[in-house]
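Structural overview
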Amino acid sequence: GENVEQHPSTLSVQEGDSAVIKCTYSDSASNYFPWYKQELGKGPQLIIDIRSNVGEKKDQRIAVTLNKTAKHFSLHITETQPEDSAVYFCAALPTGGGNKLTFGTGTQLKVEL
Amino acid sequence: NAGVTQTPKFQVLKTGQSMTLQCAQDMNHEYMSWYRQDPGMGLRLIHYSVGAGITDQGEVPNGYNVSRSTTEDFPLRLLSAAPSQTSVYFCASTTGLGTQYFGPGTRLTVL
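Scope of this entry: the structure provided in the associated data block. Everything numeric in this text was worked out from a predicted model, so none of it was measured.

The helix and strand tally for chain B stands at 0 helices and 11 strands. Each helix and strand of chain B, placed in order from N terminus to C terminus, yields the pattern β-β-β-β-β-β-β-β-β-β-β. A compact globule built from 111 residues should have a C-alpha radius of gyration of about 13 Å, and chain B, at 13 Å, falls within 12% of that. On the principal axes, the C-alpha backbone points of chain B span a range of 40 × 25 × 25 Å. Counting only residues that meet the buried cut, chain B has 50% of its 111 residues in that class. Counting only contacts in chain B whose residues sit at least 6 apart along the sequence, the fraction spanning at least 24 positions is 52%. For chain B, the computed accessible surface area is about 5000 Å², with 53% contributed by carbon and sulfur atoms. The centroid of the 7 positive side-chain charges in chain B is displaced by 12 Å from the centroid of its 7 negative side-chain charges.

Here it is as structure tokens:
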């Protein structure tokens, strides 16, 4: 089955700096890669996703890049703000895997003033 | 749309007790799933359903039962609670393209 590794497990940045979280996946048949943000005491919320026919996708301060050859994808947050502090999860969905996402173990992002 | 709703928000059980965690969605999604979230282990799939009357096991199904009598509801039953089931439980509903929407979670403690 699919295996997703996520790094780093914790990340601390100064407000205004950029943050990058990286994930690798094992199943070359995976074709959908969402990113979720989980604030304390809440359920994960989808913030951006990318499909395997695209190399990069942007939404304001958030971007995701995908390297299918190397089987890794990354989340980039620019101009970080205190409200970006949360746990971020990456996930992968294999083709033909129904809708069974495999999640990374999460990154605790802390944006310091 | 209320999206995905879960009840209760918090629950404390004694070892051996049973209970049902409720989950409902109003988005008419066929696919629903249950996850548990433990520190350092991300989200692990317990059971899932691809439509009313159809359920299947995920990664960690032992000790849990599910049923899906309607498109909207997907309850999770703990048959005989154990301390190892102390966790946060999330229900999710998924579009046909794989986009998953999560509920707010149920925080369960088993003493």
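From this point, the narrative continues.
All right, on to the pairing of strand β7 (residues 62-67) of chain A then. Residues and elements named next belong to chain A. Of the pairings in the sheet, the one linking strand β6 (residues 56-59) to β7 comprises 4 bridges and is antiparallel in character. Bridging from a neighbouring strand, Asp-59 pairs with Ile-62 of β7. Hairpin connection from β6 to β7: 2 residues lie between these consecutive antiparallel strands, with Gln-60 at a positive phi of about 60°. The pairing of β7 with strand β8 (residues 72-77) spans 6 bridges and is antiparallel. Note on β8: the bridge partner recorded for Thr-65 is Ser-74. The turn joining β7 and β8, which pair antiparallel and follow one another in sequence, is formed by 4 residues; a positive phi near 55° is taken by Lys-71.

Joining two cysteines, a disulfide is a covalent bond between their sulfur atoms. Taken as a whole and assessed by the stated rule, the structure comprises 2 disulfides over all chains. Disulfide pairing places Cys23(A) opposite Cys90(A) at an S-S distance of 1.9 Å. Judged by the sign of its S-S torsion, about -100°, the cystine formed by Cys23(A) and Cys90(A) is left-handed. Pair noted here: Cys23(A) is in strand β3 (residues 19-25) and Cys90(A) is in strand β9 (residues 86-94), with a separation of 67 residues, a long-range link. With respect to class, Cys23(A) is no different from Cys90(A); both count as buried. Disulfide pairing places Cys23(B) opposite Cys91(B) at an S-S distance of 1.8 Å. Because the torsion about its S-S bond is -70°, the bridge between Cys23(B) and Cys91(B) counts as left-handed. Remark: Cys91(B) occurs in strand β9 (residues 87-94) and Cys23(B) occurs in strand β3 (residues 19-25); sequence separation between them is 68 residues.

On the chain B side, the residues contacting the 18 residues of chain A number 21 residues. Interface area for chain A against chain B, summed over the two sides, is near 1500 Å², with a carbon-plus-sulfur share of 54%. If you sort the residues of chain A by the area they bury against chain B, Asn99(A), Lys100(A) and Phe103(A) come out on top, with a joint share of 36%. The interface formed by chain A and chain B contains 0 salt bridges. At the junction of chain A with chain B, the criterion picks out 5 residue pairs in polar contact (both at pLDDT 80 or more). Every element with two or more residues in the side of chain A that touches chain B is listed here: β4 (30-38), β5 (45-51) and β9 of chain A.

Calculation criteria
Residues numbered from 1 in each chain as written. Chains lettered and ligands numbered in written order. Predicted model: local features only at pLDDT ≥ 70, side-chain atom pairs only at ≥ 80, totals over all residues. Heavy atoms only, no water. Helix = DSSP H or I, 4+ residues; strand = E, 2+ residues; numbered from the N terminus. Rg over C-alpha atoms; globule rule 2.2 N^0.38 Å. Buried < 20%, exposed > 50% of the residue type's maximum accessible area, 1.4 Å probe, protein only. Contact = heavy atoms within 4.5 Å. Areas by Shrake-Rupley, 256 points an atom, 1.4 Å probe, with all protein chains shown as cover. Lys, Arg positive; Asp, Glu negative; His and termini not counted. Charge placed at Lys NZ, Arg CZ, Asp CG, Glu CD. Pairing = 2+ DSSP bridges. Disulfide = S-S within 2.5 Å. Buried area = accessible area lost by both parts, 1.4 Å probe. Salt bridge = Lys/Arg side-chain N within 4 Å of Asp/Glu carboxyl O. Polar contact = N/O pair within 3.5 Å; in protein donor to acceptor, adjacent residues only side chain to side chain.

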